[in-house]
Amino acid sequence: MSNKVWGYARVSSFDQNEERQLIELRKRGVKNNNIFVDKQSGKDFERPKYKVMVKKMRKGDLLYILSIDRLGRNYVEIQNQWHILTKEIGVDVCVIDMPLLDTRNGKNLIGTFIADIVLQILSFVAQTERENIKIRQAEGIAAAKARGVKFGRPKRTLPDSFYPLAEKWLNGEISGTEAAKKCGIPVTTFRSRAKKTRQ
C-alpha cells in the first residue's frame, strides 16, 4: 500500500477564504479528498477536520501545510502536534512557505536540529501574532465604544400599543401571552420590557 499525501488548510472564521491555501496544496499534487479544511481559531487543536485527518494518517505519509500558523497559533500546542505527527505517527511534514521545515530533508542530526530551532521560532511568532491580534481587537472595541458605537443587536422597536398593554398586564388585567401576541413581539421580550416600564 503506497504512502498518501495529505493537505491541511485553516482559516479563523467562515467569512475568510481558504482558496489560496487550497491552490498551493493542489500544486503539490494533493487530491481534493485528501485535503482537510477547518474554519476556526488556531488557539488549540480541538478541530473536527484536523482530528479526522490525523486518524487517517499512517507512517510514511506526507502532510503539506502552507504556513506554520495554519497549523496553529499556540506555541506549546504546535510543538506537541509536530511531535505527534513526526515522531509518534511517523508522518513527514512540509511547510510550503518555509523550506527548512520539510522533514523529508536533513534527517541527520544537524538537519533535525535546524528544523527544531526554526519550528520553535515560527510557532513562537505565530502565538505572539495571535496575542497581538487579540490586543488590537480589544483596543479597537474600546475606541469604538468611546466614540459611541453600539455593539450587539439593536433593541426591538416597540409598537404604540405596547405601553397600554404593559399597564394592563402589570395590573393583572391581561395575560403576558395575550398582550405579547397583540404587540407582535415574543412573550419574554414583552415581559422584560414591561417590567422596566414599572421600574
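About the criteria used
- Residues numbered from 1 in each chain as written.
- Predicted model: local features only at pLDDT ≥ 70, side-chain atom pairs only at ≥ 80, totals over all residues.
- Heavy atoms only, no water.
- Salt bridge = Lys/Arg side-chain N within 4 Å of Asp/Glu carboxyl O.
- Helix = DSSP H or I, 4+ residues; strand = E, 2+ residues; numbered from the N terminus.
- Buried < 20%, exposed > 50% of the residue type's maximum accessible area, 1.4 Å probe, protein only.
- Phe/Tyr/Trp six-rings, centres within 6.5 Å; stacked < 30°, edge-to-face > 60°.
- Lys NZ or Arg CZ within 6 Å of the ring centre and 35° of its normal.
- Patch = residues over 30% accessible without salt bridge, like charges linked within 9 Å, V, L, I, M, F, W, Y side chains within 5 Å.
- Areas by Shrake-Rupley, 256 points an atom, 1.4 Å probe, with all protein chains shown as cover.
- Lys, Arg positive; Asp, Glu negative; His and termini not counted.
- Charge placed at Lys NZ, Arg CZ, Asp CG, Glu CD.
- Pairing = 2+ DSSP bridges.
- Arc of directions from axis to C-beta.
- Contact = heavy atoms within 4.5 Å.

J.: Would you explain the pattern of salt bridges in this entry?
T.: When the charged atoms of two side chains with opposite charge come close together, those side chains can pair. Inspection of every chain in the model, using the stated rule, returns eight salt bridges. Note that E18 is salt-bridged to K39, the shortest N-O span being 3.4 Å. Taken together, the positions of E18 in the loop between strand 1 (5-11) and helix 1 (19-27) and K39 in strand 2 (residues 35-39) put the pair 21 residues apart, joining distant regions of the chain. Judged by its relative accessible area of 28%, K39 is partly exposed. For D102, the salt bridge is made with R104, and the minimal N-O distance between the two is 2.8 Å. Take R104: its relative accessible area is 38%, and that puts it in the partly exposed class. The network of salt bridges with common partners includes E24, K27 and R28.

J.: Where do I start with the packing of aromatic side chains in this structure?
T.: What characterises a pair of aromatic rings is the spacing of the ring centres plus the angle enclosed by the ring planes. Here the structure, examined in full by the defined rule, presents six aromatic pairs. Ring centres of Y8 and Y50 lie 5.2 Å apart, and the angle between their planes is 75°; on these two criteria the pair is classed as edge-to-face. With Y8 in strand 1 and Y50 in helix 2 (residues 48-56), this pair connects stretches of sequence that are 42 residues apart. With a relative accessible area of 2%, Y50 lands in the buried category. Taken together, the ring pairs connect F162, Y163, W169 and F190 into an aromatic cluster. For R47, the ring lying beneath its charged end belongs to F45, and the centroid distance is 4.3 Å. Taking the ring centre of Y50 as reference, the NZ or CZ of R47 above it sits at 5.8 Å.

J.: It is not clear to me how a positive patch on the surface should be interpreted in this structure. Could you clarify?
T.: A surface patch of like charges, here positive, comprises K4, K31, K56 and R58. As for its position among the elements, K4 is in the segment before strand 1. Residue K4 is classed as partly exposed on the basis of its relative accessible area of 37%.

J.: Looking at this model, I keep getting lost on the pairing of strand 4 (residues 92-95). Mind explaining?
T.: Consecutive residues of a regular strand have side chains that alternate between opposite faces of the sheet. The alternating pattern of strand 4 places D92 and C94 on one face and V93 and V95 on the opposite face, and all of these are buried. Note: strand 3 (residues 62-65) against strand 4, four bridges, orientation parallel. Residue pairing across strands places Y64 opposite C94, the latter belonging to strand 4.

J.: Looking at this structure, how should I read helix 1?
T.: One turn of an α-helix holds 3.6 residues; hence residues three or four places apart share an orientation. For helix 1, the complete set of buried residues consists of Q21, L22, E24 and L25. An end-on view of helix 1 places all buried positions within 165° of arc, on one side of the element. Opposite its buried face, helix 1 presents the exposed residues R20 and K27, each directed more than 90 degrees away. Contacts from the buried residues of helix 1 go to strand 1, strand 2, strand 3 and helix 3 (68-71).

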